[in-house]
Amino acid sequence: MSQVQYTSMAGTLGGLIKDLRLQKKLSQLEVAVAIGWKEGSILSRIEQGVVSKPSKEVIEKLGITLELTKREKNELLLAGNYLPDKEEINKIRREINTLMSEWKYPATAYDFSWRIIHENKVCKYIYYENENEAEKVEKNVPNVFELNFNENYAQNKFAQDKPGNGIESELIQSLTQYRVEQKSHNAEENINNLIKKLILNKPFRTIWEKIQNVDHAKMIDNYTFADYVIPARGKKETLSFHLFNAPLLDDPRINIEFHTPADKKTFEYFENEKFDI
């Protein structure tokens, strides 16, 4: 994955607001008055990016005034690095639950900061030692790296018993891709928050040091292959998956990672296993 630099105004929150406003053929003053401001210069400064980003409430008012579609409004939220709040997360879960529940293999939904928003029941069954561990993740909405670098996470405990497990190379690739994606969204704030959370974690600091010299052009974007050690209900099974990422059509802030079996053993595992879900 090659690093993308947003150099045009359209790649910023202000630039996107301006593009959408011009598409609606509205002046800055018309929009400003419609959302309760007395002058258009406030909107002008936002579009130029010379002031701090507006509140989420302002984005909501802009969405109404500009008559934006759901996708257009969510593109503004993505451009401004507005993370989904608890209420939004619950709404997103309701909207995607049927799609994810019908997928017969593991599926996980992430927001653009790589927080785990939702997992289907198959995922919860095979990737966690018990239901309490799975529900804790659902409740706390952690960044995926908070699990990846947690030695008590079931996947990590089981993987440690597998020689040549390749964990380090996977973490280098994933963390590099994360860093590149956040920078492409002008979301260095998310990177800094992750570092603050894991700064005392020695494995994280080691991997973070190593990714500084990784060739970004070799990063994989929407597809990868992975082996996983399955701790489901006390079992130790090494399964192989192809992983595909698909953004929601009306909310580009959210991606769903779908697993599909990559070999016969994994396929037969899902054909024969009786999931208690």
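Residues numbered from 1 in each chain as written. Predicted model: local features only at pLDDT ≥ 70, side-chain atom pairs only at ≥ 80, totals over all residues. Heavy atoms only, no water.

Enquirer: What should I look at first to understand the packing of aromatic side chains in this one?
Expert: To describe a pair of aromatic rings, one takes the distance between the centres and the angle between the planes. Taken as a whole and judged by the stated rule, the model has 12 aromatic pairs. Ring centres of W114 and Y178 lie 5.3 Å apart, and the angle between their planes is 75°; on these two criteria the pair is classed as edge-to-face. Taken as a pair, W114 in the loop between β1 (107-111) and β2 (116-119) and Y178 in helix α11 (residues 167-184) lie far apart in primary sequence, 64 residues in all. Judged by relative accessible area, which is 15%, W114 ranks as buried. For Y178, a relative accessible area of 0% translates into the label buried. Among the aromatic residues, ring-to-ring pairing joins W103, Y105, F241, F258, Y269 and F270 into one connected group. Looking at K53, its charged tip hangs above the ring of Y82, at a distance of 4.4 Å from the centre. (Phe/Tyr/Trp six-rings, centres within 6.5 Å; stacked < 30°, edge-to-face > 60°. Helix = DSSP H or I, 4+ residues; strand = E, 2+ residues; numbered from the N terminus. Buried < 20%, exposed > 50% of the residue type's maximum accessible area, 1.4 Å probe, protein only. Lys NZ or Arg CZ within 6 Å of the ring centre and 35° of its normal.)

Enquirer: Is there a simple way to explain the pattern of salt bridges in this structure?
Expert: The tally for this structure, following the rule as stated, stands at 18 salt bridges. Between K73 and E60 there is a salt bridge, with the nearest N and O atoms lying 3.2 Å from each other. One end of the pair, K73, is in helix α5 (residues 70-79); the other, E60, is in helix α4 (residues 56-65), with 13 residues separating them in the sequence. A residue is classified by how much of its surface remains accessible, and K73, at 23% relative accessible area, is partly exposed. (Salt bridge = Lys/Arg side-chain N within 4 Å of Asp/Glu carboxyl O.)

Enquirer: What is the right way to read the environment of E133 from this model?
Expert: In this structure, E133 sits in helix α8 (residues 131-140). For the pair formed by E133 and Y153, sequence separation is 20 residues and the distance between their alpha carbons is 8.6 Å. When near neighbours in sequence (up to four residues on either side) are disregarded, E133 contacts Y128, N152, Y153 and A154. (Contact = heavy atoms within 4.5 Å.)

Enquirer: Could you clarify how one ought to interpret α5 in this entry?
Expert: Because the α-helix completes a turn every 3.6 residues, residues three or four places apart line up on one side. Restricting attention to buried positions, one finds in α5 the residues E72, N74, L76, L77 and L78. Buried-residue contacts for α5 involve α1 (13-23), α4, α6 (86-102) and β5 (251-261). Of the residues one or two after α5, N81 is the one with positive phi, at around 60°.

Enquirer: Would you explain the pairing of strand β4 (residues 237-248) in this entry?
Expert: A regular strand places its side chains so that they alternate between the two faces of the sheet. Strand direction decides the pairing type here: β4 and β5, joined by 8 bridges, are antiparallel. Of the residues in β5, the one forming a bridge with L243 is H259. Once β4 ends, the chain turns through 2 residues before running back antiparallel as β5. (Pairing = 2+ DSSP bridges.)

Enquirer: Explanation requested: the nonpolar core in the structure shown.
Expert: Note on soluble globular proteins: their nonpolar side chains tend to be buried together. Membership of the largest hydrophobic core comes to 34 residues, with the highest contact counts inside it found for I126, F145, L175 and F270. For this core, the secondary structure elements donating two or more residues are α7 (121-127), α8, α9 (144-148), α11, α12 (188-198), α13 (202-210), β4 and α14 (264-272). (Core = buried A, V, L, I, M, F, W, Y, C linked by side-chain atoms within 4.5 Å.)

Enquirer: Explanation requested: the side chain of E138 in the structure shown.
Expert: When you line up the elements, E138 lands in helix α8. Given the relative accessible area of 11%, E138 is considered buried. When sequence neighbours within four positions are dropped, the list of residues in contact with E138 reads R93, I117, H118, E119 and K124.

Enquirer: What is the right way to look at the pairing of β5 in this model?
Expert: Counting buried residues in β5 gives 10 out of 11 residues, a clear majority hidden from the surface. Summarising the sheet, β1 and β5 pair through 5 bridges and their orientation is antiparallel. Across the sheet, the residue bridging to A107 is F258, located in β5.

Enquirer: What should I look at first to understand the packing of α11 against α13 in this one?
Expert: Helix packing for two helices is described by the angle between their axes and how far apart those axes are. The contact between α11 and α13 brings their axes to 9 Å, and the two run at 65°. What the angle tells us is that α11 and α13 run roughly perpendicular. The interaxial crossing formed by α11 with α13 has right-handed handedness. Packed against α11, whose contacting residues are E168, L171, I172, L175 and R179, the element α13 presents F204, I207, W208 and K210 at the interface. (Axes fitted to C-alpha atoms, helices over the stretch in contact; angles between N-to-C directions. Parallel < 35°, antiparallel > 145°, perpendicular 65-115°, else oblique. Left-handed = near helix turned anticlockwise from the far one by under 90°.)

Enquirer: I would appreciate a short explanation of the environment of Y110 in the present structure.
Expert: Along the polypeptide, Y110 turns up in strand β1. By relative accessible area, Y110 is classed as buried at 15%. Taking the C-alpha atoms as reference, Y110 lies 8.7 Å from N143; in sequence the two are 33 residues apart. Other than its neighbours up to four places away in sequence, Y110 contacts R115, I116, I117, V144, R253, I254, N255 and E257.

All we've got here are geometric facts, nothing functional implied.
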